[in-house]
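Summary of the model geometry
The lines below spell out each chain.
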Amino acid sequence: MSAVPVGLPGLAAVVATRVPGSSGGVRSLAASWRRSGDRIGEGASLMSSAASSAPSWQGASAQAFSAAASSLSGELSGRAGELGRGAGVMDAYAGVLERAHGMAAELQAQAARLLVASIASPATAPACQVAATVITTTFNTLLSTIDLAATTTAASLGTAASAGPRSGKNSEPPADKGKIGRASCR
């Protein structure tokens, strides 16, 4: 997404810009991955049970079946874990989107008020320029944060998919946790 112009010329762009991303859509996809992981985990458990379900079965074929079932059970468990980790990454990204959309709404309201004030009283425009610069710069930083979070999430999901089962911590995209101050030109 391209940046809005800085200062008074960018206020209308701040008001009109649709902030990208849908936290609800991302959370829904994460829930789907989690449910799929649960089902695959159930399959892994069934496969593990199958490996020992025929105690009267003896010989090389029984050993081969047991080894194959055990291996498949482990692979399925790993895939279930990958889906769970991926769901966690997507939930973290959805949190970034939720915070970003809330911050953007506040910035857009401030931009609208400031734009109206500068139009209603052109003499205040120079004083409004400072506040407009703060609003537009903060909005551009917010858009960059969303882009970075999306890129980080995509990389985390790509890494998890290509690396296969792994141990370690869940990757969480960065979040802009700063507060938005009120800007005024009065």
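This one's a predicted model, so the numbers in the text were calculated from it and none came from an experiment. (Residues numbered from 1 in each chain as written. Predicted model: local features only at pLDDT ≥ 70, side-chain atom pairs only at ≥ 80, totals over all residues. Heavy atoms only, no water.)

1. With respect to the overall build of the protein
- Tallying secondary structure elements over the protein gives 4 helices and 0 strands in all.
- For the protein, the sequential pattern of α-helices and β-strands runs α-α-α-α.
- The proportion of buried residues among the 186 residues of the protein is 32%.
- Surface accessibility of the protein: about 10,100 Å² in total, with carbon and sulfur atoms responsible for 60%. (Helix = DSSP H or I, 4+ residues; strand = E, 2+ residues; numbered from the N terminus. Buried < 20%, exposed > 50% of the residue type's maximum accessible area, 1.4 Å probe, protein only. Areas by Shrake-Rupley, 256 points an atom, 1.4 Å probe, with all protein chains shown as cover.)

2. Focus on the pattern of salt bridges
- Across all of its chains, the model carries 4 salt bridges by this definition.
- Here Arg34 and Asp91 are joined by a salt bridge, their closest N and O atoms 2.8 Å apart. Taken as a pair, Arg34 in helix 2 (residues 23–51) and Asp91 in helix 3 (residues 60–120) lie far apart in primary sequence, 57 residues in all.
- In this structure, the salt-bridge partner of Glu82 is Arg79, at a minimum N-O distance of 2.7 Å. Of this pair, Glu82 and Arg79 both sit in helix 3, 3 residues apart, roughly one helical turn. (Salt bridge = Lys/Arg side-chain N within 4 Å of Asp/Glu carboxyl O.)

3. A few points about the side chain of Ser23
- By the secondary structure assignment, Ser23 is in helix 2.
- Classification of Ser23 by relative accessible area gives buried; the value is 18%.
- Each residue touching Ser23, except ones within four places of it in the same chain, is listed here: Ala94, Leu97 and Glu98. (Contact = heavy atoms within 4.5 Å.)

4. What to know about the nonpolar core
- One finds Leu11, Val14, Val26, Leu114, Ile135, Phe139 and Leu142 to be the most contacted residues of the largest nonpolar core, which totals 30 residues.
- Mapped onto this core, the elements with two or more residues apiece are helix 1 (8–16), helix 2, helix 3 and helix 4 (125–163).
- Examining the composition of this core, we find that 13 residues originate from one element, helix 3, more than from any other.
- The residues touching Phe139, leaving out its near neighbours within four places in the chain, are Val4, Val14, Thr17, Val19, Ala104, Leu107 and Gln108. (Core = buried A, V, L, I, M, F, W, Y, C linked by side-chain atoms within 4.5 Å.)

5. Structural notes on the packing of helix 1 against helix 3
- Interhelical geometry of helix 1 versus helix 3 gives an angle of 135° and a closest axis separation of 8 Å. Taken as axis vectors, helix 1 and helix 3 run oblique relative to one another. Seen along the crossing, helix 1 lies across helix 3 with a hand that is left-handed. On the side of helix 1, the interface is formed by Leu8, Leu11, Ala12, Val14 and Val15, while helix 3 contributes Leu107, Gln108, Ala111, Ala112, Leu114, Leu115 and Ser118.
- A breakdown of the residues in the contact of helix 1 with helix 3 according to their chemical character gives 10 nonpolar, 2 polar and no charged. (Axes fitted to C-alpha atoms, helices over the stretch in contact; angles between N-to-C directions. Parallel < 35°, antiparallel > 145°, perpendicular 65-115°, else oblique. Left-handed = near helix turned anticlockwise from the far one by under 90°. Nonpolar A, V, L, I, M, F, W, Y, C, P; charged D, E, K, R; others polar.)

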